[in-house]
Amino acid sequence: MTQVQAKARKLTIARAMAESIAMEMRTDDKVFVMGEDIGELGGVFGNTRGLYKEFGSERVKDTPISETAFIGAAVGAASDGMKPIVELMFVDFFGVCFDAIYNMMAKNTYFSGGEVNVPMVLMTSTGGGYSDGGQHSQCLHATFAHLPGMKVVAPSNAYDAKGLMTAAIRDPNPVIFMFHKALQGMGWLGTEKDAIVNVPEEVYEVPLGKAAITRTGSDVTIVGITSGVHHGLKAARELEQQGVSAEVVDLRSLVPLDRDTVIQSVRKTGRLIVVDEDYHSYGMTAEIIASVTEAGVPMKAPPQRVAYPDIPIPFTPVMEQWALPSAEKIVKAFAKMKENE
Amino acid sequence: MSTDVLVPHDLWEEDDEAVITSWLVNDGSEVSEGDMIAELMVAKIQYELLAPTSGTLSIQKDIDDVVAKGDCVATIA
Amino acid sequence: MTPTQEQELWMYRHMVVSRFFEETIETIYMEGKTPAFNMAKGPIPGEMHLSNGQEPCAVGVCAHLNSDDIVVSTHRPHHVAIAKGVDLKKMAAEIFGKKTGLSGGRGGHMHIFDAHVNFSCSGIIGESVGVAAGAALSRKMQGKPGVAVAYLGEGAANQGAFHEALNLAAVWKLPVVFVIEDNAWGISVSKQASTAVKYNSDRASAYSMPGVHIPNNDPIEIFAKAGEAIERARNGEGPTLIEIETSRLAGHFMGDAEAYRPAGEKEHLAEIDPIPGFKKRLQDQYQWTEAQDEALRGQARELVDAAIQFARDSDYPAPEEALDKVFV
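No experiment lies behind these values; they were computed from the predicted model shown. (Residues numbered from 1 in each chain as written. Chains lettered and ligands numbered in written order. Predicted model: local features only at pLDDT ≥ 70, side-chain atom pairs only at ≥ 80, totals over all residues.)

Colleague: Any chance you could explain the overall build of chain C here in plain terms?
Modeller: When you go through chain C residue by residue, the secondary structure sums to 11 helices and 8 strands. Computed over C-alpha atoms, the radius of gyration of chain C comes to 19 Å, within 12% of the 20 Å expected from 2.2 N^0.38 for 328 residues, which places it in the range of a compact globule. Once the C-alpha set of chain C is aligned to its principal axes, its extents read approximately 55 × 50 × 40 Å. When each of the 328 residues of chain C is scored for burial, the buried share is 55%. Sequence-distant contacts in chain C: of pairs separated by 6 or more residues, those separated by 24 or more amount to 75%. (Helix = DSSP H or I, 4+ residues; strand = E, 2+ residues; numbered from the N terminus. Rg over C-alpha atoms; globule rule 2.2 N^0.38 Å. Buried ≥ 20, exposed ≤ 12 C-beta atoms within 10 Å, placed from the backbone. Contact = placed C-beta atoms within 7 Å.)

Laid out in structure tokens, this is it:
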């Protein structure tokens, strides 16, 4: 993610997603987009901005509020040779259309003995931190990653967003593309400067299932995805002040999961903190810790997780901000590990 | 010689102040006239700031800074 | 069914209270959000869906309900909550995220619950219908009186849940009324672009229930038709579907640029604002005077101001209270 460009152009994640989709649509007429308010409005989170103007309503289709129908339709179209990209506006809304996703999209390849491909991308917004309440603020990473048959990616910055989107569209399998609202660069959800990075103008892919070492270090490995990476980076800067060298691993993909990169990192540092804005129990944090433990990696202290408590996301900022993962909580987790050594 | 990058008076209708939500080029990098270099937000709407000329961009105002129409946010030399 | 003068005044008063409430929320919502519109900031963070213009849908229906009847509303719930008798102070405090709020700040503006008057709502499109049908089923099974009303937007009628619940309610002859507030827009997508039928009320015929179309956002007409539907439900004759063509005077949410609206639409909607229309009706029918109107408005303003002051003065909950109330 440090390719130097002559012009050193940067993008927000929202723009990077739209650019990737537009570039694929220009070269592959099978790619089309469906979703609520993704047409003229450009998506509630800006990730289809400009597509309607360039490609028109035949290929950039606003849908009724009928997720069961249009995500099911994407499965059918993908099985018949098209490459649909559909948007589920908030991941919290998956309930109404999950059959189309996990019983159809994710299983049709298997049920057909590999004869039927389902090359579709389902992009969906995640995350909270801005008091949108418990039906518009969840991450639900593990809910999707738990179920076999679909790849799951989630970028923390614009470079990865463009490359992962390109790879996702080209992948012959269904891919869930989860983007965190607060990292979109829309302004009205605050701005995470570290998510707005240099993005090449040409087409490129970031491979699905390959984690990135976002920051190298030797004393502790902090593993995260989307917002968790940024909390990890901030914590690493604070730990540096204390003379602690933290390595930050951005998983980028939950499925396939790059266990090797995490295991190698923990072999080096001997300590592991896993950060996730998704719920604490039965989640990504547990999966990572289990994977490292199963691999027999010797650790200097019990691994720690910093995740969302097992409660519906509260509205009021005093509760919500208290419950969210943060750099401070990661630093505290590290201190706790040191006490136990 | 350097050119000030001013917030255009016709970028949005009213005279509300805006907030810089992104710089879309690195400080100190080359830009071409017409390149999108930043996004400004008024209320909940983003507006695109284009480079008025070609040259090397020097950013004067940071993300989250409040700016008004006519303010200088960068220079291009 | 025509309202009495007393009922008309009740409807008008609740419309005025609701409008004052929304206008006040609109102003306060922007506190701390200029010039940077950061949704997390200010005394009222998060999304805000205002109901300005849709008040007739609330009062015309709720005028027939008592606190024992059940209402399940939508992500745009304030007007219905007010008409259903939800505690205004506690609702305001909830919207401010205060300890004294209906849920102690856990729910927020899209999740207004007041069990004392059997009101609830949710931010998930189309999910009101099943819940209302179930509440109606409960009353029937328990042999208790009472009807349930589900509110939904016109966009929600394209959700499977809507069709499933209508069928269920019809098969089981449940005492429930489905009220579609057709404000013509699902965020930026028009009803015309998203819906195969002109009137969702026509869809009632697929479920062998009466389908009633009310074209003009007229509180008196809504009162009449809702009254018949609720009476039908109370008499054990089964469900009714009502669709009201109403007006969303504001954006989908605060900060909506509304660029999708055709030129002149906002101005037209302002011209047919139901509140001045109702006032004129009162003047014509009951010699309603400016002095009376001023008095009513003054009382409404006081009610809203008191609720807002209560919300402002209340304390925030302790952060750890987030862990309570997940289970009882």
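Colleague: Teacher, can you tell me more about the sheet that holds strand 1 (residues 70-73) of chain C here?
Modeller: Backbone-to-backbone hydrogen bonds pair the strands of a sheet. The strands run either parallel or antiparallel. Residues and elements named next belong to chain C. An order of 2-1-3-4-8-7 is seen for the 6 strands of this open sheet, with the pairing classed as parallel. Each having just a single partner strand, strand 2 (119-121) and strand 7 (211-214) make up the two edges of the open sheet. Averaged over all pairs of adjacent strands, the angle between their axes in this sheet comes to 20°, without regard to strand direction. Note that strand 7 and strand 8 (residues 240-245) share 4 bridges and pair parallel. Across the sheet, the residue bridging to Gly211 is Leu241, located in strand 8. Of the strands in this sheet, strand 4 (176-182), strand 7 and strand 8 touch helix 8 (residues 219-234), which is tilted by about 170° from strand 8. (Pairing = 2+ DSSP bridges. Axes fitted to C-alpha atoms, helices over the stretch in contact; angles between N-to-C directions.)

Colleague: It is not clear to me how the interface of chain C and chain A should be interpreted in this structure. Could you clarify?
Modeller: Taken together, the contacts link 40 residues of chain C with 34 residues of chain A. Those elements giving two or more residues to the side of chain C that touches chain A turn out to be helix 6 (160-171) and helix 7 (191-194) of chain C. For the side of chain C that touches chain A, the per-class residue count stands at 19 nonpolar, 18 polar and 3 charged. (Nonpolar A, V, L, I, M, F, W, Y, C, P; charged D, E, K, R; others polar.)

Colleague: Sorry if this is basic, but what is going on with the interface of chain A and chain B here?
Modeller: Accessible area lost when the parts come together is the quantity often used to give the size of an interface. Taken together, the contact pairs 14 residues of chain A with 15 residues of chain B. Its residues placed into classes, the side of chain A that touches chain B shows 5 nonpolar, 5 polar and 4 charged.

Colleague: What is the right way to read the sheet that holds strand 4 (residues 36-42) of chain B from this model?
Modeller: All names here are of chain B. Pairing is antiparallel across the open sheet formed by 4 strands, whose spatial order is 5-4-2-7. Unpaired on one side and paired on the other, strand 5 (45-50) and strand 7 (66-67) mark the two borders of the sheet. Inspection of the sheet shows strand 4 paired to strand 5 by 6 bridges, in the antiparallel sense. Counted as the bridge partner of Met36 is Leu50 from strand 5.

Colleague: I keep staring at unusual backbone geometry and nothing clicks. Help me out?
Modeller: A negative phi angle is the norm for most residues apart from glycine, just as the trans form is the norm for most peptide bonds. In this structure, the amide linkage connecting A:Val255 to the following residue, A:Pro256, adopts the cis form with an omega of -5°. Summarising the element assignment, A:Pro256 is placed in the loop between strand 12 (253-255) and helix 9 (259-269). At the junction of C:Thr34 and C:Pro35, the peptide bond is cis and its omega measures out at -5° in the coordinates. Relative to the helices and strands, C:Pro35 resides in the loop between helix 1 (5-29) and helix 2 (55-62). The backbone of C:Lys173 shows a phi angle near 50°, a positive value even though the residue is not glycine. Mapped onto the fold, C:Lys173 is located in the loop between helix 6 and strand 4. If you check the backbone angles, C:Glu258 has positive phi at about 55° while not being a glycine.

Colleague: Please explain the nonpolar core as it appears in this structure.
Modeller: Nonpolar side chains in soluble globular proteins tend to be buried together. Membership of the largest hydrophobic core comes to 235 residues, with the highest contact counts inside it found for A:Phe177, C:Val149 and C:Val176. Among the elements that line this core, the one with the most residues is helix 1 of chain C, at 10 residues. Every residue in contact with A:Phe177, bar those within four places of it in the chain, is listed here: A:Val121, A:Leu122, A:Met123, A:Val153, A:Leu164, A:Met165 and A:Ala168. (Core = buried A, V, L, I, M, F, W, Y, C linked by C-beta atoms within 7 Å.)

Colleague: What is the right way to read the packing of helix 1 of chain C against helix 11 (residues 290-313) of chain C from this model?
Modeller: For any two helices packed against each other, the geometry is given by the interaxial angle and the distance between the axes. All names here are of chain C. Viewed as axis vectors pointing N to C, helix 1 and helix 11 meet at an angle of 45°, and their least axial separation amounts to 9 Å. With respect to each other, helix 1 and helix 11 are oriented oblique. The handedness of the crossing between helix 1 and helix 11 is right-handed. Between helix 1 and helix 11, the residues in contact are Arg13, Val16, Val17, Phe20, Phe21 and Thr24 and Leu296, Arg297, Ala300, Arg301, Leu303, Val304 and Ile308, respectively. Residue composition of the contact of helix 1 with helix 11, grouped by class: 9 nonpolar, 1 polar and 3 charged. (Parallel < 35°, antiparallel > 145°, perpendicular 65-115°, else oblique. Left-handed = near helix turned anticlockwise from the far one by under 90°.)

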